[in-house]
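Next come the chains, spelled out residue by residue.
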Amino acid sequence: MNDSAPLRLRVAIIGAGPAGFYTAEQLLRSEDPQFEVDLFDQLPTPYGLVRAGVAPDHAKIKNVTRKYDATARHESFRFYGNVTLNSDVSVTDLRMFYHQIVYCTGAQEDRLIGIPGEDLRHSHSATEFVAWYNGHPDFRDREFDLSKPVAVVVGVGNVAVDVARILCRTCEELKTTDIADYALAQLAESAVEDVYMLGRRGPAQAAFTNPEAKELGELPDADILVSSRDAALDPVSRQWLADNPDRLTERKVELIEEFAGMSSRTKRKRLHLRFLVSPVEILGSEEVTGIRIVRNEINLVGERLRPSPTSETEVIDCGLVFRSVGYRGRAIEDVPFDDKRAIVRNEGGRVVDDDGFRPGEYVAGWIKRGPTGVIGTNKADAQETVALMIEDAKSRRTNLPTQPGPAAADSFIRSRSPDLFSWADWQRLDHIETERGKPCGRPRIKCTTRDEMIAAIRK
Ligand code: NAP
C-alpha cells in the first residue's frame, strides 16, 4: 500500500446473512479508512437465515431485510450470489484480490443428541425441516412423512418452538405466508395431531424466549398441554431463582404455570410441552416407532444447573422425531477451526492460528461466537470485528493483494461462476417472487431451486 494515498481497502465477506450484512454496513460507514465490500453467498439469494431460517409465520422479523437492502444500495457494495467458497473460489484466490476477508458462514450443521436410533428413518434434524419448509434449494428434496399422528421435537429452544408451531398450524394460517409451495401442500395433508416438545431441564432453564413461548398458547388449532408436575419448579431451581432474581425467567415460569392451568381440549391438535425429561433411545427397527425418555432432576454443578437422570422412564409412541438441540459451525478449508466449540479460531473476530493473528482474516456471527442470540445480536458482534479491521487497516496489518483492482476480482469471479447472481439479479428475482405471491395474498412465492432462479431472471 502507498502511504501517501488515501487508505482504501477491498474486503470480501463470505456469507450474506445478518452477520455478513451488519459487517458490510459497519465497513461502508467508515470514512477513514474507506472500504469496498464484495459480499458472497453460496445461494443466488441473500439474507441467510432470514430467508431460510426465520419461520414463515414470522413475517415481521423478515422486515429486517429492508435495512440490508439499504446497505446494498451503497456505491461501494457488490453482491456475488451463487458463488461457493472452496468450490468456485478458494481462500488463496481471494487473497489475490482483497486486503481483508471476513467469514460470516454461520453454523450450517446440526448437533446430534448422541443416543441410539438417531439414524432411523423419520428421525430428522430440525435444521433440515426448517430449511425444507423455507424452500432452501439444498433441502427441498428432503422427505418428511407427515402421515404419522405423533411427532416429537427434542429441545425447547426457539428453533424447536418454530418446528412445533409449524406442525400445529393450519393450512389456512400457512397459506398467507411465504412458506415453500411444496411444504404448504404437504403440511395441508399432515396427519400430525400430537406434537411433544421435550426439555431436559425445567421451565426456569427453557431456552425459548417469552414472546415465542406465549405464541404457543395462542395457536388457533392446537391446545397447549403442560402437566402441573412439569410446570412446578424443582427445589434447586426455586432456590436458584430466589438467589438470582431475573424478571424474564420469572415471567417464563409464570407463563408455563398459566399453560398448566389451561384445561381446554377443544382443538384438533395438541402441543405437549414436557420438562425434566431426556431422550435415551429412539425406538424402531428401520423407522421410528417411539422414543424412550427418562425423568431428570436438577443439580447445581459448579455454576450451572444440570439435569441428571432418575430411574423413571417412559415411552412416547411416535412416528417422527426432530432433534432441535442446537446448530454447529462447519470448518472452512484452509481456515483454523476450533473443533470443540465448532467455530473459526479467533480473538474478538481476528482469525488466529498457532502463530497468532492471520493478517487480513476475520470472522463475525455464529461462526465466530457459536449459534446463540437473535438476529440483532449480530450487529454488536459485527461492530466488534469491524473495529479490529479498522485498527489493523490503520496500522497496515492487512493482506497485500497482488491484484487489488475491483475489475480483476470481478472478471476472475465471473470466470469461475458463470451463473453468479448480482444484486440486480436478486432484485429481479425478488420482484418475480413477490408478483407471483400477489394473486394468492402471499408475501411471495419462492423459487426453490437454483435452476428455477436462474431461468426466472433470464426470461
Ligand atoms: P438453543 O437455544 O441453544 O436450544 C437448544 C435446546 O436443545 C435447549 O433446550 C437445550 O437444552 C437442548 N439440548 C441440547 N442438547 C441436548 C440434549 N443432548 N438432549 C436434550 N436436549 C438438549 O438452540 P436453537 O433452538 O437451535 O436456537 C439457536 C439460536 O437461534 C438461539 O439463540 C435462538 O434464540 C435463536 N433463534 C431465535 C428465534 C426467534 O427469535 N424467534 C427463532 C429461532 C432461533 P439445555 O438448555 O439444557 O442445554
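Reading the values: the criteria
- Residues numbered from 1 in each chain as written.
- Predicted model: local features only at pLDDT ≥ 70, side-chain atom pairs only at ≥ 80, totals over all residues.
- Heavy atoms only, no water.
- Helix = DSSP H or I, 4+ residues; strand = E, 2+ residues; numbered from the N terminus.
- Buried < 20%, exposed > 50% of the residue type's maximum accessible area, 1.4 Å probe, protein only.
- Contact = heavy atoms within 4.5 Å.
- Pairing = 2+ DSSP bridges.
- Axes fitted to C-alpha atoms, helices over the stretch in contact; angles between N-to-C directions.
- Salt bridge = Lys/Arg side-chain N within 4 Å of Asp/Glu carboxyl O.
- 1 Å grid on protein atoms, 1.4 Å probe; cavity = no way out; pocket = protein on both sides within 12 Å on 5 of 7 lines; lining within 4 Å.
- Points joined across faces, edges and corners; volume = space filled by probe spheres on them.
- Domains from an automatic or database assignment.
- Buried area = accessible area lost by both parts, 1.4 Å probe.
- Nonpolar A, V, L, I, M, F, W, Y, C, P; charged D, E, K, R; others polar.
- Near = heavy atom within 4 Å.
- Polar contact = N/O pair within 3.5 Å; in protein donor to acceptor, adjacent residues only side chain to side chain.
- Areas by Shrake-Rupley, 256 points an atom, 1.4 Å probe, with all protein chains shown as cover.
- Parallel < 35°, antiparallel > 145°, perpendicular 65-115°, else oblique.
- Left-handed = near helix turned anticlockwise from the far one by under 90°.

1. Focus: the environment of I413
Inference 1: Turning to its location among the elements, I413 is positioned in helix α15 (residues 406-416).
Inference 2: Residue classification places I413 among the buried residues on the basis of a relative accessible area of 1%.
Inference 3: With residues near it in sequence (within four places) discarded, I413 still touches F40, Y80, V83, Y98 and L420.

2. Let's talk about the sheet that holds strand β12 (residues 290-301)
Inference 1: Ordered in space as β11-β12-β13, the 3 strands form an open sheet in which the pairing is antiparallel. The open sheet has two edge strands with one neighbour each: β11 (277-283) and β13 (304-317). Across the sheet, the axes of successive neighbouring strands diverge by a mean angle of 25°, strand direction being ignored.
Inference 2: Where β11 meets β12, 6 bridges bridge the pair, whose relative direction is antiparallel.

3. Focus: the pattern of salt bridges
A side chain of one charge can pair with a side chain of the opposite charge if their charged atoms are brought near each other.
Inference 1: Following the criterion strictly, the structure yields 55 salt bridges and no others.
Inference 2: One salt bridge connects D93 with R416, and the closest N-O pair in it is separated by 3.1 Å. Of this pair, D93 sits in helix α4 (residues 91-97) while R416 is found in helix α15, placing the two residues 323 residues apart along the sequence.
Inference 3: The partner of E361 in a salt bridge is R358, and the shortest N-O contact between them spans 3.2 Å. Comparing E361 with R358 shows no difference in burial state: the two are buried.
Inference 4: Taken together, the shared-partner salt bridges in this structure form one network comprising R8, R10, E36, D38, R78, D410 and R414.

4. Regarding empty space enclosed by the protein
Inference 1: Considering all chains together, one arrives at 1 cavity of 30 Å³ or more under this definition.
Inference 2: The calculated volume of the largest cavity comes to roughly 40 Å³.
Inference 3: As for the largest cavity, its lining consists of L43, T45, R51, A52, N134, G135, H136, P137, K446 and M453.

5. Focus on the domain arrangement of the chain
Inference 1: For the chain, the assigned domains are domain 1 (8-108 + 328-421) and domain 2 (112-322).
Inference 2: Placing the centre of domain 1 and that of domain 2 at their C-alpha centroids yields a distance of 33 Å.
Inference 3: Between domain 1 and domain 2, the residue contacts involve 10 residues of the former and 15 residues of the latter.
Inference 4: Both faces considered, domain 1 and domain 2 share a buried interface measuring about 1100 Å² in area, 53% of it formed by carbon and sulfur atoms.
Inference 5: Taken together, the connections running from domain 1 to domain 2 amount to 3 salt bridges.
Inference 6: Here the side of domain 1 that touches domain 2 is composed, by residue class, of 5 nonpolar, 2 polar and 3 charged.

6. Here's the deal with the site of the ligand
Inference 1: Surrounding the ligand, one finds 22 residues, the nearest of these being N158, R200, R201, E212 and G373.
Inference 2: A distance of 3.1 Å is found between an oxygen atom of the ligand and a backbone nitrogen or oxygen belonging to V159.
Inference 3: At a separation of 3.0 Å, a nitrogen atom of the ligand approaches a polar side-chain atom of E212.
Inference 4: Coverage of the ligand by the protein chains reaches 81% of its 920 Å² of free accessible surface.
Inference 5: The element best represented in the shell around the ligand is helix α6 (residues 158-168), accounting for 3 residues.
Inference 6: Considering only residue class, the shell around the ligand consists of 10 nonpolar, 7 polar and 5 charged.
Inference 7: Counting residues domain by domain, the shell around the ligand receives three or more from each of domain 1 (8-108 + 328-421) and domain 2 (112-322).

7. Things to note about the packing of helix α1 (residues 18-29) against helix α14 (residues 377-394)
Inference 1: Where α1 meets α14, the closest approach of the two axes is 8 Å, and the angle between their N-to-C directions is 45°. With respect to each other, α1 and α14 are oriented oblique. In the packing of α1 onto α14, the handedness of the crossing is right-handed. Contact residues: α1 offers P18, A19, Y22, T23, E25, Q26 and L27, while α14 offers N378, K379, A382, Q383, V386 and M389.
Inference 2: Split into classes, the residues belonging to the contact of α1 with α14 amount to 7 nonpolar, 4 polar and 2 charged.

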